[in-house]
Amino acid sequence: MKKEIIYILILAFFLPNFLYAKSNYFQEGIDLYKNNKFNEAKFKFEQDLVFNPKSESSYLYLSKIFNKQGKKALEEQNLNAVMLLNPKNEEAIYYLAKLKLKTSDYKKSKELNVRLKSICKNFCIQSDKLKVEIENLSKK
C-alpha cells in the first residue's frame, strides 16, 4: 500500500512538469524563430511534432525555416503536410503557390491561387497580387 502511495505522489509531481515541457516546444520554437535562430527553432518544432504529429502550425513554421534556408524540397514537403492536415489553410496554399511560381510551375501556381481565392478570408489581397504576378511571369 505504501508503494502505491509513493508511486502516485511521484507521478503527481513529475507528470505536470512532463506535460508542460511537451506543450512548451511550439512556443519555444516561435521565440527562437523570431530571434532568427532557425536551427534551434527547427529542432523545437520537430520536438513538438513528436508529441503532436497533427500540429499544422509546426509544419508551417518548418516550411518557413526551410524557405529561409533555401531548401525548397523540404519547404514544399512541409507545406504539403499542412495542406494534408488542413486543406483550407490559406497561408500554406499561398506559400505553396509562391513556391510553385518560383520554380516556373505557372499552371500549378495558378490552380493554387484559384483555390486560395475561393476560400480566402485573410489572404485575399495577397491572392490578388499573386494573380497579377502569375499572369505577368507566364507571358514571358
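Up top you'll find the structure we're talking about.
Residues numbered from 1 in each chain as written. Predicted model: local features only at pLDDT ≥ 70, side-chain atom pairs only at ≥ 80, totals over all residues. Heavy atoms only, no water.

What follows covers the overall build of the protein chain. Along the backbone of the protein chain there are seven helices and zero strands. Tracing the protein chain from N to C terminus, the helices and strands come up as α-α-α-α-α-α-α. Carbon and sulfur atoms make up 57% of the accessible area of the protein chain, which amounts to about 9400 Å² in all. (Helix = DSSP H or I, 4+ residues; strand = E, 2+ residues; numbered from the N terminus. Areas by Shrake-Rupley, 256 points an atom, 1.4 Å probe, with all protein chains shown as cover.)

Let's shift gears to unusual backbone geometry. In this structure, Asn 36 is a non-glycine residue whose phi angle is positive, near 60 degrees. Considering the arrangement of structural elements, one finds Asn 36 in the loop between helix H1 (2-34) and helix H2 (38-51). In this structure, Ser 104 is a non-glycine residue whose phi angle is positive, near 65 degrees. With respect to the helices and strands, Ser 104 occurs in the loop between helix H5 (90-102) and helix H6 (106-119).

All right, on to the packing of aromatic side chains then. Per the counting criterion, the structure on display carries eight aromatic pairs. Here the basic side chain of Lys 64 rests over the ring of Tyr 61, its NZ or CZ set 4.6 Å away from the ring centre. (Phe/Tyr/Trp six-rings, centres within 6.5 Å; stacked < 30°, edge-to-face > 60°. Lys NZ or Arg CZ within 6 Å of the ring centre and 35° of its normal.)

All right, on to the packing of helix H3 (residues 56-68) against H5 then. The interhelical angle for the contact between H3 and H5, taken along N-to-C directions, is 25 degrees, at an axis separation of 11 Å. The orientation of H3 with respect to H5, classified from their angle, is roughly parallel. Viewed along their axes, H3 and H5 form a crossing whose handedness is left-handed. Each of Leu 60, Lys 64 and Asn 67 in H3 lies in contact with H5, whose residues at this interface are Glu 91, Ala 92, Tyr 95 and Lys 102. Counted by class, the contact of H3 with H5 contains three nonpolar, one polar and three charged residues. (Axes fitted to C-alpha atoms, helices over the stretch in contact; angles between N-to-C directions. Parallel < 35°, antiparallel > 145°, perpendicular 65-115°, else oblique. Left-handed = near helix turned anticlockwise from the far one by under 90°. Contact = heavy atoms within 4.5 Å. Nonpolar A, V, L, I, M, F, W, Y, C, P; charged D, E, K, R; others polar.)

Turning our attention to the state of the cysteines. Summed over all chains, the structure comprises one disulfide. Paired through a disulfide, Cys 120 and Cys 124 show a sulfur-sulfur distance of 2.0 Å. Its S-S torsion of approximately 100 degrees makes the covalent link between Cys 120 and Cys 124 right-handed. (Disulfide = S-S within 2.5 Å.)

Before going further, it helps to examine the pattern of salt bridges. The full count for this structure, using the stated rule, is six salt bridges. The residue Lys 44 makes a salt bridge to Glu 28 at a minimum N-O spacing of 2.9 Å. Of this pair, Lys 44 sits in helix H2 while Glu 28 is found in helix H1, placing the two residues 16 residues apart along the sequence. Using a relative accessible area of 27% as the deciding quantity, one classes Glu 28 as partly exposed. Lys 64 is the salt-bridge partner of Glu 91, the closest N and O atoms lying 2.8 Å from each other. Of this pair, Glu 91 sits in helix H5 while Lys 64 sits in helix H3; the two residues are 27 residues apart in sequence, bridging distant segments of the chain. For the pair formed by Glu 91 and Lys 64, the shared burial category is buried. (Salt bridge = Lys/Arg side-chain N within 4 Å of Asp/Glu carboxyl O. Buried < 20%, exposed > 50% of the residue type's maximum accessible area, 1.4 Å probe, protein only.)

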